Amino acid sequence: MVSFLRLRKPKYVEPAVKYCSVGFESFDDQSPPSTAPRLGNLWLETNKNKNQTKRRQAKEHSGRCLDSCCWLTGYLCTVWWLFLFLYHCLPFTVVHEVPELMPGARLKREGLTALHPVVLVPGIVTGGLELWEGKPCADGLFRKRLWGGGFTRNPKRPLCWLEHLSLHNETGLDPPGIRVRPVPGLFGTDYSAPGYFVWDVLIKNLAKIGYEGKNLHLAAYDWRLSFQNTEIRDHSLSRLKSKIELMYRGNGYKKVVVVPHSMGVTYFLHFLKWVEMPPPMGGGGGPGWCAKHIKAIVNISPAFLGVPKAVSNILSAEGKDDAYIGAMASGVLDSGILGLQALEHITRVSRTWDSLVSLVPKGGEAIWGNMDWSPEEEHVCDLSKKRYSRFSLSNNNVNNSDLKIGFRVKDPVNYGRIISFGKAASVLHSSQLPTVDPKEFLRTTASEFDEMSRESIRKIAADKAYTAKTFFDLLHFVAPKMMKRAEAHFSHGIADNLDDPKYNHYKYWSNPLETKLPDAPDMEIYCSYGVGIPTERSYVYKLSPSSSCKGIPYRIDSSVDGEDDSCLKGGVYFTDGDENVPVLSAGFMCAKGWRGSTQFNPSGIATYVREYRNKPPSSLVERGGIKNGAHLDIMGNIALIEDILRIAAGATGEEIGGDEIHSDILRMSERVSLR
């Protein structure tokens, strides 16, 4: 609008000044005839009237433009909010609550009723957190949500909000003067934000077949803490044990069906070991507790073997979306606008959350690949050209060997190089790359936010690539306090001998490759997840452009792309998965690691792989889509909900169809060799 008026001004103002100047010059400098004064005055008056008319017209025109601009802005804002309302609100009222589309309503008409009690276990960031004690800047927020649901007040005080979400950098527990606790009950995680469901749709469908408070429970816990610290601080594991025992006794001694999501699957895996171990480290339930109380575990979007995205989050607080935003608005993210250096503040907070380290890839190079090999070799990157075929497994027999029909990628992707500095480091043969020297990672400072040597930062990068074995040195260099603190609570290797007494320590219990499943041969375990969505697998990094060497010395290089049909987009190599968790992490344990009687599953608990091919929503009224396979939106997937309802009502894995596989998880698993 300002530029428009600036362009219009010369037309209306300057000519008037010019004409007036000419008139006055003629009047002063010349001696006009007797008729000249009258003609001159008439001419000046006429011009004055014309100028006034033009100024009035300009003012009216400017006012009309302002009015039009305001109306246009209001119209656009109204349309935007209308679309936002449709996107966030209508999926529940239009899609999921229509009886014909609610599997719970349909199954109830078929005679399905509640049988086994159900326990829901949320994952990272999906559980609500509320304030019980805080600093003066948080006055008036007692028992108000700081995370999840309607936490709309907090962005008004962002630094105060981030301070209260942080944990103590030494202990991993509460900072002095701050107490933030999980929101209890089903209300804590039905929505993660206004209009954005998490467990709500599943809970509504369970209610349709008879579930309520006495036979349905959500195990709230503080997802920021290490798993053992949830017991030390809040007794979360003890309360979960007591609740399962109470539901078992109060519902006719029916075993419980447990439904964990995302990081919740490893949290509950930790619980399975904790509950049978003797105190003080364990829950004292004794051998046989799981066999007595648990019927089945339906793991949704499981991150059993971790996610590469956790590495990029620790390294630079980035994923693919953050990298794109950073490329478009690096001045905002890196500058001190409003005193908020966004990525640095986010990094300071997230590096106090020990749970984030639980999501770092487990199994090393044997699972995730080395410099020149990975289980996903020959992966088809353009999923639109990939044909899926549905098949089942029963007793390890494959009845369809043609698992994938696609094309071979021109340039093989070295997925094993989870972090590469520069595109060349991600594609060249390992013999052409410099080796990683552990001595280069020595730091004289103990805090990740102390100044780092620019020279050491360059040496550590320098066209190098890091695998699931060597990137721990990189993480120790960038986040030494976090990694030192978290190593006391988590392990990421593969057990040589699970009979070794050292594996009785709690730091191994959440790693399925370093712990045994309980002796419960009648129990069933499901790996249920979406496929067909490009999922982050490895990254191309560069030196941070910032002159500061504190906290975030490296960034994803979003300018790096591959050729057409390439797996490389915006500095990120993609593979098949559910957008957050690669297929390899979600499905390997059920497809091979626990299949049959193995060192990790000595009692031979039955395992099933249930994959749901992603079908994007066809319209705005389907927020996630009733056939969506994305990591969180799968919670509204009708096929998944029906599977859970049937299992809760007493069906076995064979009765719901056994394995249903659409991805290459079997071929990937065959390429993984475990001792």
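Definitions and cut-offs
- One numbering rule holds for all chains: residues counted from 1, following each sequence as written.
- Side-chain atom pairs in this predicted model are given and counted only at pLDDT of 80 or more, local residue features only at pLDDT of at least 70, and totals for whole chains, interfaces and linings cover all residues.
- Processing note: side-chain calculations cover all non-hydrogen atoms of the structure and skip hydrogens and water entirely.
- Counting from the N terminus, the helices are DSSP H or I runs at least four residues long and the strands are E runs at least two residues long.
- Burial classes: relative accessible area under 20% of the type maximum marks a residue as buried, over 50% as exposed, and values in between as partly exposed (1.4 Å probe, protein chains only).
- Here, two residues are considered to be in contact whenever any of their heavy atoms come within 4.5 Å of each other.
- Using the Shrake-Rupley algorithm and a 1.4 Å probe, accessible areas are obtained, with residue cover drawn only from the displayed protein chains.
- Two strands are counted as paired when DSSP detects at least two bridges linking them.
- Only C-alpha atoms enter the line fits that serve as axes; for helices the fit covers just the stretch in contact. Angles between N-to-C directions range over 0 to 180 degrees.
- Buried Ala, Val, Leu, Ile, Met, Phe, Trp, Tyr and Cys residues that are joined via side-chain atoms within 4.5 Å together make up what is termed a nonpolar core.
- Any two cysteine sulfur atoms within 2.5 Å of one another count as a disulfide.
- Paired rings are identified among Phe, Tyr and Trp, the last through its six-membered ring, by centres lying within 6.5 Å, and are further divided according to the angle between planes into stacked (under 30 degrees), edge-to-face (over 60) and tilted (the rest).
- In this context, the arc is that of the directions from the helix axis out to the C-beta atoms.
- Salt bridge, as used here, is a side-chain nitrogen of Lys or Arg placed within 4 Å of a carboxyl oxygen of Asp or Glu.
- How sure the predictor is of each residue is captured by pLDDT, a score from 0 to 100.

The protein goes by Phospholipid:diacylglycerol acyltransferase 2 in an unreviewed UniProt entry, where it is assigned to Hibiscus sabdariffa.

Side note on the overall build of the protein
Looking only at helices and strands, one finds 23 helices and 21 strands in the protein. Each of the 675 residues in the protein was classed as buried or not, and the buried ones make up 53%. A separation of at least 24 residues holds for 76% of the contacts in the protein among residues at least 6 apart in sequence. With the model as given, the accessible surface of the protein reaches about 29800 Å², and the carbon-plus-sulfur share is 56%.

Comments concerning the sheet that holds strand E1 (residues 118-121)
The parallel open sheet is built from six strands, whose spatial order is E7-E1-E8-E9-E16-E21. One side of each edge strand has no neighbouring strand; the edge strands of this open sheet are strand E7 (216-218) and strand E21 (606-613). Across the sheet, the axes of successive neighbouring strands diverge by a mean angle of 15 degrees, strand direction being ignored. Pairing analysis gives three bridges linking E1 to E7, with the strands arranged parallel. Paired with Val118 across the strands is Leu216, a residue of E7.

Here's the deal with the nonpolar core
Within the largest apolar cluster, 115 residues are counted, with the highest numbers of intra-cluster contacts made by Phe268, Ile419 and Tyr554. For this core, the leading source of residues is helix H9 (residues 264-276), giving eight residues.

Thoughts on the pairing of strand E20 (residues 572-577)
Taking burial as the measure, the six residues of E20 include six buried ones, the bulk of the element. Two strands pair when backbone bridges link them, and strand E17 (residues 533-543) and E20 are joined in this way by six bridges, in the antiparallel orientation. Paired with Ser538 across the two strands is Tyr573, which belongs to E20. In the sheet, strand E19 (residues 568-569) pairs with E20 via two bridges, with the strands oriented antiparallel. For Leu568, the partnering residue across the bridge sits in E20 and is Tyr573. Hairpin connection, E19 to E20: the antiparallel pair is bridged by two residues, and Gly570 has positive phi, about 60 degrees.

Notes on the state of the cysteines
On inspection of all chains with the given rule, the structure shows two disulfides. Here Cys137 connects covalently by a disulfide to Cys160, the sulfurs 2.1 Å from one another. One disulfide, between Cys137 and Cys160, carries an S-S torsion of 80 degrees and so falls in the right-handed class. In this pair, Cys137 sits in the loop between strand E2 (129-133) and strand E3 (145-147) while Cys160 sits in helix H5 (residues 158-165), placing the two residues 23 residues apart along the sequence. Taking the relative accessible area as the measure of exposure, Cys160 reaches 11% and is therefore buried.

A short note on the sheet that holds E3
Ordered by their spatial adjacency, three strands build an open sheet running E3-E2-E4, and the pairing between neighbours is antiparallel. A strand with exactly one partner marks an edge of an open sheet, and here the two such strands are E3 and strand E4 (179-182). Averaged over all pairs of adjacent strands, the angle between strand axes in this sheet comes to 45 degrees, irrespective of strand direction. Where E2 meets E4, four bridges bridge the pair, whose relative direction is antiparallel. The residue bridging Leu131 from the neighbouring strand is Val180, located in E4.

A word on the packing of aromatic side chains
Within this structure, the stated rule accounts for 20 aromatic pairs. An aromatic cluster is defined as three or more aromatic residues linked by ring pairs; in this entry it consists of Phe421, Tyr466, Tyr539, Tyr541 and Tyr554.

Some remarks on helix H18 (residues 454-461)
Among the residues making up H18, those that are buried are Ser456, Ile457, Ile460 and Ala461. For H18, the arc enclosing every buried residue in end-on projection is 135 degrees, short of the 170-degree limit, so these residues lie on one face. On its buried side, H18 packs onto strand E14 (419-421), strand E15 (465-466), helix H19 (471-478), E17 and strand E18 (554-556). Backbone geometry just downstream of H18 places Ala462 in the positive-phi region, at approximately 35 degrees.

Thoughts on the pattern of salt bridges
This model, assessed by the stated rule, comprises 25 salt bridges. In this structure, the salt-bridge partner of Lys214 is Glu212, at a minimum N-O distance of 3.8 Å. A residue is classified by how much of its surface remains accessible, and Glu212, at 42% relative accessible area, is partly exposed. In the salt-bridge network here, residues are joined through shared partners; they are Asp174, Arg181, Asp222, Arg224, Arg233 and Asp234.

A closer look at the confidence of the model for the protein
For the protein, the mean per-residue pLDDT works out to 81, and 71% of the residues sit at or above 70. Note that residues 87-97 has pLDDT below 50 and, in this model, 32 contacts with residues that lie over four places away or in other chains. Every residue in residues 387-410 scores below 50 in pLDDT, and together they form 58 contacts with partners more than four places removed in sequence or on other chains.

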